[in-house]
Amino acid sequence: MATEADLGSGPVTKPDPEQTEGYGRFLRNQVFTSNPPLHQPYRNLLVRQLLPRNILRFAPAAARLAQELVEECAGRDRTDFSREFAGRFVTRFWAEQLGLSSDQAAHVQHLMEQMSLTFLLTRTPEQSQRLFSAAATYMDVVGEAVRKAWSDGGNALLDDMAAELTTIDMEGKPEDIGSLVASNFFDGFHTIGVAIENVVFRILSDGTALEQVRADPALVTSAFYEGTRLESPLMLSQRLTLQDVEYNGVSVPAGTPVLMMWAAANRDPEVFDDPDSYRLTRQIQHGATFGGGVHLCPGRNVARMLTEIAVTALTAPDVDIALVGDDHEWAAHSLMRQLTALPVTIRRVHR
Ligand code: HEM
């Protein structure tokens with residue numbers, strides 16, 4: 001299904017399996033795409049590593065990287081926020097944790113732009129080609145770097161995941177630590193960057209939010225929840241029922257495609273008062289940004305931590321940040337709520 005999103009008036013042509021080999025490896029090794037009985041133990045491996053108490057050890061590195069990027073951006077007339085701040089921040093962060101060099105981080109960031117074609121509802125054959133080829137390179141670059149970092153030793157995150165992987169004795173598990181990391185940390189390299197961008201966009205578009213957050217830094221948490229609620233990065237996902245289910249009196253036979261609209265649930269008027277309004281004083285509710293139930297996103301805590309660290313650095317008293325222009329477009333025909341561009345100015349000031 002994932003390889004057949006091509007636009008075209010004729011019959012759907014199945015791509016050559018050689019072309020989709022790397023994209024297949026990327027999808028096949030994910031927790032996201034695994035079914036029972038593998039799903040639970042494989043998922044637990046990631047959940048444990050990404051528990052709040054385990055990710056706290058990464059906070060100082062994230063804070064340092066955010067400061068370095070503010071410094072880099074403050075030296076420019078204008079910053080392309082998506083590429084030059086958010087994307088760079090998250091790829092540099094994960095590169096450090098997962099044993100990739102800074103050149104490899106830059107390469108992965110570039111590949112993310114091609115791999116985000118995976119979120120398009122339909123693709124031209126040329127876009128599919130770019131996606132398949134970027135996915136193959138991504139799996140190789142990240143997979144090899146991680147395998148090497150692990151065999152060199154001294155990386156606790158990789159050691160723990162590799163040790164736990166050996167305890168899973170089931171068909172379909174990832175071939176090795178390299179494929180495990182590359183397949184499952186894609187959202188770390190990609191989607192957290194989109195979340196940071198959307199949260200910052202909402203703060204800067206609102207007349208008073210920036211001042212509110214500066215005056216009360218505890219509001220960064222509200223800015224994260226409110227920004228990702230209104231601009232949920234992954235707007236929807238689709239799954240297939242594995243067996244007949246009954247839900248709220250509706251019976252759904254096995255094999256039915258079920259579309260879950262996270263972005264719509266996040267604006268449910270029965271849950272959120274005046275749901276379209278942006279309010280940092282709203283009582284925090286988790287909403288549906290990270291899904292729910294057995295597939296609830298294991299990366300949600302680290303996504304929040306990195307976003308809060310980035311927003312804290314950008315709203316510091318000695319930093320000025322503002323939107324350039326007021327014409328902002330969202331990417332069309334995509335499952336990802338992502339701006340096509342977010343130009344900003346970032347400056348150091350003395351207040
Ligand atoms: C802001 C960033 C992120 C957003 C908006 C997001 C969103 C989601 C959503 C909505 C789901 C549920 C999908 C479904 O039920 O079909 C999900 C699942 C998942 N996410 Fe995230 N995610 C983010 C970051 C991350 C990060 C940083 C990681 C890993 C480091 C990650 C790894 C996963 C995995 C492995 C699953 C599948 C879980 C399962 O099937 O049990 N995500 N994510």
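Right, let's walk through the structure included here. Values in this document were obtained by computation on a predicted structure and should not be read as measured data. The residue count restarts for each chain, going from 1 along the sequence in the order it is written. Residues qualify for local features only when their pLDDT is at least 70, as the model is predicted, and side-chain atom pairs are given and counted only at 80 or more; totals for whole chains, interfaces and linings, by contrast, use all residues. In computing side-chain values, all of the structure's heavy atoms are included and hydrogens and water are not.

## With respect to the overall build of the protein
- Numbered from the N terminus, helices here are DSSP runs of H or I no shorter than four residues, and strands are runs of E no shorter than two. Helices and strands together make up the secondary structure of the protein, namely 15 helices and seven strands.
- Compactness check: the protein gives a C-alpha radius of gyration of 20 Å against a globular reference of 20 Å for 351 residues, within 12% of the reference.
- With respect to the principal axes defined by its C-alpha atoms, the protein has extents near 60 × 55 × 45 Å.
- Per-residue accessibility, obtained with a 1.4 Å probe over protein chains only, is compared with the maximum for each type, and a residue is labelled buried under 20%, exposed over 50%, and partly exposed between these values. Sorting the 351 residues of the protein into buried and exposed places 48% on the buried side.
- Pairs at least 24 residues apart make up 72% of the contacts formed inside the protein by residues separated by at least 6 positions.
- Surface exposure here means Shrake-Rupley accessible area, sampled with a 1.4 Å probe, where a residue is shielded only by the protein chains that are shown. When the accessible surface of the protein is summed, it comes to about 17,100 Å², and 54% of that surface belongs to carbon and sulfur atoms.
- Positive charges are assigned to Lys and Arg, negative charges to Asp and Glu, while His and the chain termini are left out of the count. One atom stands in for each charge, and that atom is NZ of Lys, CZ of Arg, CG of Asp or CD of Glu. Once the 31 positive and 45 negative side-chain charges of the protein are each reduced to a mean point, those two points are 3 Å apart. The quantity called the radius of gyration is restricted to C-alpha atoms. Its globule counterpart is 2.2 Å times the number of residues to the power 0.38. Here a residue-residue contact requires only that any non-hydrogen atoms of the pair lie within 4.5 Å.

## Some details on the site of the ligand
- Throughout this document, a residue counts as near a molecule or strand when at least one of its heavy atoms sits within 4 Å of that molecule or strand. The environment of the ligand is made up of 28 residues, and the closest members are His-39, Arg-43, Arg-239, His-295 and Cys-297.
- One of the side-chain N or O atoms of His-39 is found 2.6 Å from an oxygen atom in the ligand.
- Between N or O atoms, a polar contact is any pair within 3.5 Å; within protein, one atom must be a potential hydrogen donor and the other a potential acceptor, and residues adjacent in sequence are included only when both atoms are from side chains. Arg-43 places a polar side-chain atom, nitrogen or oxygen, 2.7 Å from an oxygen atom of the ligand.
- Breaking the shell around the ligand down by element, the ones donating at least two residues are α2 (39-49), α10 (186-189), α11 (191-205), β2 (236-240) and α15 (300-314).
- Only Asp, Glu, Lys and Arg are considered charged, only Ala, Val, Leu, Ile, Met, Phe, Trp, Tyr, Cys and Pro nonpolar, and every remaining residue, Gly among them, polar. The class makeup of the residues in the shell around the ligand is 16 nonpolar, nine polar and three charged.

## Thoughts on the layout of surface pockets
- Of the two site types, the cavity is a set of points on a 1 Å grid over the protein atoms alone where a 1.4 Å probe fits but cannot get out, and the pocket is an open set with protein on both sides within 12 Å along at least five of seven lines, each lined by residues with an atom within 4 Å of a point. Grid points are joined across faces, edges and corners, and a volume is the space filled by probe spheres set on the points. Counted as a void, the second largest pocket has a volume near 560 Å³.
- As for the second largest pocket, its lining consists of 25 residues, and the residues nearest its centre are Ser-82, Glu-113, Ser-116, Gln-338 and Leu-339.
- Secondary-structure elements contributing two or more residues to the lining of the second largest pocket are α5 (81-98), α6 (102-115) and α11.
- No other element matches the five residues that α5 contributes to the lining of the second largest pocket.

## Description of helix α8 (residues 156-167)
- By this rule, a helix spans an expected 1.5 Å times one less than how many residues it contains. End to end, α8 covers 17 Å across twelve residues, agreeing with the expected 16 Å (1.5 Å per residue, within 8%).
- Listed as buried for α8 are Leu-157, Leu-158, Met-161, Ala-162, Glu-164 and Leu-165. Seen from one end, α8 has its buried residues packed into an arc of 165 degrees, which puts them on one side. What points out from α8, more than 90 degrees from its buried face, is the exposed set Thr-166 and Thr-167.
- On its buried face, α8 is in contact with α2, α5, α7 (125-152) and α9 (177-184).
- Capping of α8 at its N-terminal end is provided by Asn-155; its side-chain oxygen lies 3.1 Å from the backbone amide nitrogen of Leu-157. Directions pointing from the helix axis toward each C-beta atom define the arc.

## Quick notes on the packing of α11 against α15
- The axes used here are C-alpha line fits, helices contributing only the stretch in contact, and every angle between their N-to-C directions lies in the interval 0 to 180 degrees. As a packed pair, α11 and α15 sit with axes 10 Å apart at the nearest point and diverge in direction by 45 degrees. Here α11 lies oblique to α15, going by the angle between them. For the pair α11 and α15, the sense of crossing is right-handed. When α11 is examined against α15, the residues Ile-192, Ala-195, Ile-196, Val-199, Val-200 and Ile-203 are found in contact with a partner set consisting of Val-302, Ala-303, Leu-306, Thr-307, Ala-310, Val-311 and Leu-314. Should an angle fall under 35 degrees it is taken as roughly parallel, and over 145 as roughly antiparallel, whereas 65 to 115 is taken as roughly perpendicular and any remaining angle as oblique. Note on convention: the crossing is left-handed when the near helix lies turned anticlockwise from the far helix by less than a right angle, right-handed when the turn is clockwise.

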